[in-house]
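# Chain and residue survey
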Amino acid sequence: MLEFIKNWTKEEFRAYLFIYCAHADFVETKEEVDMIKSTISEKIFWEIHNEFNQDNDYQQIQKITLNFKKFYSTQEQLDGLFDEIKALMLSDGEYDILEQNLFRALKHQLSK
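Residues numbered from 1 in each chain as written. Predicted model: local features only at pLDDT ≥ 70, side-chain atom pairs only at ≥ 80, totals over all residues. Heavy atoms only, no water.

Here the focus is the overall build of the protein. On a plain count of helices and strands, the protein comes out with six helices and zero strands. The order of α-helices and β-strands along the protein, N terminus first, is α-α-α-α-α-α. Taken over the C-alpha trace, the protein has a radius of gyration of 13 Å; the compact-globule value for 112 residues is 13 Å, and the two agree within 12%. Referenced to the eigenvectors of the C-alpha coordinate spread, the extents of the protein come out at roughly 35 × 30 × 25 Å. (Helix = DSSP H or I, 4+ residues; strand = E, 2+ residues; numbered from the N terminus. Rg over C-alpha atoms; globule rule 2.2 N^0.38 Å.)

Take a look at the structure:
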């Protein structure tokens, strides 16, 4: 478990989480990447993207669930985060069943 706890900044964590969400439907669109890069520096985006690509599904969800409380401890912060995730998922003009399911699963897992 400890290998999944990262010493990320909030921006690095957000990059990892948003990249994870952009892959919900197995397609990372230009619109999604552009939206992520609008709030994350390009350097951090690519560093975190490389880490994300090396991780398997289990590692990805472990890193997200074990690190998010450092940055999102209040309901207001959590609500804001989920508003951003929803906007990211809608940025390519689609909100398919895979994105909807991931959104619900993340909301359930991270709201504990």
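Once you've had a look at it, read on.
The next subject is the packing of aromatic side chains. Applying the stated criterion to the full structure yields nine aromatic pairs. Look at F4 and Y58: their rings are 5.7 Å apart centre to centre, the planes differ by 80 degrees, and that puts the pair in the edge-to-face class. On the criterion of sequence distance, the pair formed by F4 in the segment before α1 (10-22) and Y58 in helix α4 (residues 57-67) is long-range, its members being 54 residues apart. Under the relative-accessibility criterion, Y58 is labelled partly exposed at 49%. Three or more aromatic residues joined by ring pairs make a cluster, and in this case those are W8, F13, Y16, Y20, F52, F71 and Y72. (Phe/Tyr/Trp six-rings, centres within 6.5 Å; stacked < 30°, edge-to-face > 60°. Buried < 20%, exposed > 50% of the residue type's maximum accessible area, 1.4 Å probe, protein only.)

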